[in-house]
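Residue-level structure breakdown
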Amino acid sequence: MSPPQDHHFAGGGGGGVATGEDLKETELRLGLPGSAPQEKKLGLTLDLLPTKGFASAGAKRGFSDAIDTSSRDNGGVMFSNAVAASGSASKADASAAKEKGPAKAQVVGWPPIRSYRKNTMATATTKTKDEASSAGPEPKQNPNSCLYVKVSMDGAPYLRKVDLKLYSGYKELSIALEKMFSGFTSGGGKDESHSETRTKDLLNKSEYVLTYEDKDGDWMLVGDVPWVMFVESCKKLKIMKGSDAIGLAPRAKDQN
Amino acid sequence: MKVQSAMFYFPEEVIEHIFSFLTHHHDRNTVSTVCKAWYKIERLSRREVFVGNCYAIRPDRAAARFPGLWSLSLKGKPHFADFDLVPPDWGGLAGPWIEALARSCPNLEELRMKRMVVSDENLELLGHAFPKFKALVLVSCEGFSTDGLAAVARSCKSLRELDLQENEIEDRGPRWLNSFPDMCTSLVSLNFACLKGEVNLKSLERLVCRSPNLKCLRLNRAVPVETLAKIINQCPNLEDLGTGSLLADQFSEAYVSLVCALQKCKKLRSLSGFWDVSPLCLLAVYPVCANLTGLNLSYAPTVQGQDFINLIQHCVKLQRLWVLDSVGDKGLTVVASACKELQELRVFPSDLFAAGPATVTEEGLVAISTGCPKLNSLLYFCQSMTNSALITVSKNCPNFTRFRLAILEPRKPDPATNEPFDEGFGAVVKNCKNLRRFSISGLLTDQVFYYIGKYAKALEMLSIAFAGDTDQGMTYVLNGCKNLRKLEIRDCPFGDGALLADVTKYETMRSLWMSSCDISLRGCKALATKMPSLNVEIINEWEAEMEENLNNGVAEVISNNNNKHFNNGNDDRKVEKLYVYRTVGGPRSDAPDFVWTL
């Protein structure tokens, strides 16, 4: 196999060679078949990926498009199998940037921030934006991206929050809640592996009942309405002791 | 003659005693070159060894030269590896070093490594080979998991310090904390803030309970407020605390106990963490602010606006502050009025992807320089800067030893004058005579390098990106900066002329990095030929991609003539990445296929 360019050792760098975007098509590269179209999408997806509230994608100057190949560690499905593509893409774009100015450059390693910090900030920003949007006395619903609601459990010293959009149905939600609150069932959470099964048993045996507060402020039993309808109307979740939930339903919550 | 014979009989013990006052490795290196006798005395008595480039010397040789060493500091990959400019599997392996030490230096107590690849097996060996091992510090390392940490915790009976800073650690579960034996009571410093996964909270609490000497504790994001409060209650003498998640609801028991616990911490001087911090939990921190000398809010994007201002106003003794640019020029102005003792400031960008409304600009920096004349170390990411601001800053703060300015958009000129930033950065090197580390950005011509070569006599490390016009720029630096140790350049139009302008210079330096510049294979070969004491390494990007795809199972091996296409006779081809360093170890034996040592 011959190297991608005639008189370039590898990819971009140096002056005088127009490795403009149009020449990328003719570059020989390794990668999955179809990784070239992915590479084209890279410019678009990047703008949308990190900032949920970011209004105008694309046409900003400077580092709206700055990427880094540390995302190979990170996951972000769009990046993981386009590393080879992104490597050459960024080189080609970097040299294009030299000619055109930096407006749309995808520059590897600029600004000079450690990958660890980039990865950490990506999760920190997402999480805190969600927290901030739900920080008031009532959890606000953010229809675009996620739906954090407070979850309280009788007897637990503090509340938790879950993103309802992460789950596709009641079963997943209940499993997640079991995990989250496994530390608070009677007997304490000393050994996580034990209490997980215990919580499940407790929920099945109806010592605890999962309820939610809907838009009207009423406390409802979880599971009656279709999942999507539930997600749209749920404002808060509460794991009640079975004895407190008598008024809601005569039967135990069927998790299956 | 008399003097000479007197020196000849000078007892070794006395010389050794005199050497014991020389702690810095530069001084010890110097005295070791005086004569054979001094070389021998020095090497047998050296306790702390610093190897700034792990490939500058073979591990066996270093370990054999200093059999009595207690403490080794090692650096591996080039600095630009932090920014993904070095392909994975490049090298920087800790294994050969730990193995060599295990053979020759059984008294090893401390190991500090930066940008190296460490495996779980290496950490197992560490635990078993050094009975007196006390301190492990890993910065920006990778290749290991929590299993490796468990091995260290389990085996090092008198472990005092386990400090993990910004490493990529594979999470294999929270059980590693259980591996600290019950009899381990010696911990002074524990930092696992960079661990991404869950932590066994009960084990953590028990560990803290039996560590009466604990002074520094940095938790990771998985530790909730409730546990934090319990921990602080156990060690009110903490001096350095990195919080876990600081998210708590109002009037929850956890929050209340946190408030009470923090009030007891009279010795707390440094705070970091602040993951997911709610404004309420910030209030809890106020009682300790007055005595803080160090504060790291750079992972707390929610601390901004009035929340930040209210907090920072209490921190009157602050010497070191790391923040995000979301605090804005306004926040920095408040810092300038409140923190008169400030010496080090780092302002990181909070949003890498959006060029939204300007967050910090030259205004914030000028305010800081006006209010904090003791400032000597700066890392500042900003969207906007001007020459006149830089000139003002350099006059207000002549004590800079580290000055790193990253204007986010490459090659951006001064918006006030449309000029390059030559004069601004020139003023910094003119006025700050003690400048040791310098990073420059924005639109820059050869002129800035003229200034650097002329005035930056103390400069040891220079980072350049998207700057300069001709070879002359780099030549100015090589000729003028007498103390230059590390030079790293990316995306500059410097070619073979600059590379070969002063080849003997590289022997006085630790390393040179050049990527996306204008150098050719011919120039690199010439350098290698003229300077056999250097390793001239070329990274072949195409080869690196192939290696990566092989590792990922994406591509089959098509050709195993790995370097064949390097050497097809066309020496005019441009070299994408060059790494040159002095070494007594010869070409390295662990170079991957995509690294070609000329």
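Residues numbered from 1 in each chain as written. Chains lettered and ligands numbered in written order. Predicted model: local features only at pLDDT ≥ 70, side-chain atom pairs only at ≥ 80, totals over all residues. Heavy atoms only, no water.

By the naming in an unreviewed UniProt entry, chain B is F-box domain-containing protein, taken from Rhynchospora tenuis. In its Subunit (unreviewed entry) section, the UniProt record describing chain B reads: "Part of a SCF (SKP1-cullin-F-box) protein ligase complex. May interact with auxin and auxin-responsive proteins." UniProt lists a comment for chain B under the heading Pathway (unreviewed entry), and it reads "Protein modification; protein ubiquitination." (UniProt positions renumbered as here; feature names shortened; annotations may be inferred.)

Going by the annotation in an unreviewed UniProt entry, the name recorded for chain A is Auxin-responsive protein, with Rhynchospora tenuis given as the source organism. What UniProt records for chain A under Subunit (unreviewed entry) is the sentence "Homodimers and heterodimers." Listed under Function (unreviewed entry) in UniProt, the entry text for chain A is "Aux/IAA proteins are short-lived transcriptional factors that function as repressors of early auxin response genes at low auxin concentrations."

1. Side note on the overall build of chain A
A tally of regular secondary structure across chain A gives eight helices and five strands. In sequence order, the secondary structure elements of chain A are arranged as α-α-α-α-α-β-β-α-α-β-β-α-β. Here chain A holds 256 residues, and the buried ones make up 48% of them. Surface summary for chain A: the accessible area is close to 12400 Å², and the carbon and sulfur share equals 54%. (Helix = DSSP H or I, 4+ residues; strand = E, 2+ residues; numbered from the N terminus. Buried < 20%, exposed > 50% of the residue type's maximum accessible area, 1.4 Å probe, protein only. Areas by Shrake-Rupley, 256 points an atom, 1.4 Å probe, with all protein chains shown as cover.)

2. Structural notes on helix H21 (residues 521-530) of chain B
Residues and elements named next belong to chain B. Within H21, the full set of buried residues consists of Leu521, Gly523, Cys524, Leu527 and Ala528. Buried residues of H21, viewed axially, fall in a sector of 165°; they line one side. Facing away from the buried side of H21 by over 90 degrees, the exposed positions are Thr529 and Lys530. Elements in contact with the buried residues of H21: helix H20 (496-499), strand E21 (534-539), strand E22 (577-582) and strand E23 (595-597). (Arc of directions from axis to C-beta. Contact = heavy atoms within 4.5 Å.)

3. A short note on empty space enclosed by the protein
Residue and element names in this part refer to chain B. Summed over all chains, the structure comprises nine cavities of 30 Å³ or more. The volume enclosed by the second largest cavity comes to roughly 150 Å³. What lines the second largest cavity is a set of 15 residues, and nearest its centre among them are Pro78, His79, Lys486, Ser511 and Tyr579. Counting residues per element, the ones that place at least two in the lining of the second largest cavity are strand E19 (486-490) and strand E20 (511-515). No other element matches E19, which puts three residues into the lining of the second largest cavity. Among the residues forming the lining of the second largest cavity, the class breakdown is four nonpolar, five polar and six charged. (1 Å grid on protein atoms, 1.4 Å probe; cavity = no way out; pocket = protein on both sides within 12 Å on 5 of 7 lines; lining within 4 Å. Points joined across faces, edges and corners; volume = space filled by probe spheres on them. Nonpolar A, V, L, I, M, F, W, Y, C, P; charged D, E, K, R; others polar.)

4. Let's talk about the packing of aromatic side chains
Residue and element names in this part refer to chain B. Taken as a whole, this structure holds 28 aromatic pairs over all chains when the rule is applied. Where Phe19 meets Trp38, the ring centres are 5.4 Å apart and the plane angle is 80°; that geometry is what we call edge-to-face. In this pair, Phe19 is assigned in helix H2 (residues 12-19) and Trp38 in helix H4 (residues 36-45), connecting sequence segments 19 residues apart. Take Phe19: its relative accessible area is 2%, and that puts it in the buried class. Note on Phe449 and Phe494: the rings are 5.7 Å apart at their centroids and 75° apart in plane angle, and the pair reads as edge-to-face. (Phe/Tyr/Trp six-rings, centres within 6.5 Å; stacked < 30°, edge-to-face > 60°.)

5. Here we look at the sheet that holds strand E5 (residues 234-241) of chain A
Residues and elements named next belong to chain A. Pairing in this open sheet of five strands is mixed, and the strands run E2-E1-E5-E3-E4 from one edge to the other. The outermost strands of the open sheet, each flanked by one partner alone, are strand E2 (160-163) and strand E4 (219-221). If you compare each strand with its neighbour and ignore which way they point, the axes differ by 30° on average. Sheet topology places strand E1 (residues 148-153) next to E5; four bridges connect them, and they run parallel. Looking across to E5, one finds that Lys150 is bridged to Lys236. (Pairing = 2+ DSSP bridges. Axes fitted to C-alpha atoms, helices over the stretch in contact; angles between N-to-C directions.)

6. Observations concerning a nonpolar patch on the surface
A cluster of nonpolar side chains, namely Phe10(B), Val14(B) and Ile18(B), defines an oily patch on the protein surface of about 230 Å² accessible area. In this fold, Ile18(B) is placed in helix H2. (Patch = residues over 30% accessible without salt bridge, like charges linked within 9 Å, V, L, I, M, F, W, Y side chains within 5 Å. Salt bridge = Lys/Arg side-chain N within 4 Å of Asp/Glu carboxyl O.)

7. Details of the UniProt feature "domain: COI1 F-box" (unreviewed entry) in chain B
The sites that UniProt annotates as "domain: COI1 F-box" (unreviewed entry) are residues 10-47 of chain B. Taken end to end, residues 10-47 of chain B is 68% helix and 0% strand, and its first and last C-alpha atoms sit 22 Å apart.

8. Looking at the environment of Leu138(B)
Tracing the backbone shows Leu138(B) in strand E4 (residues 135-139). Taking the C-alpha atoms as reference, Leu138(B) lies 8.3 Å from Leu111(B); in sequence the two are 27 residues apart.

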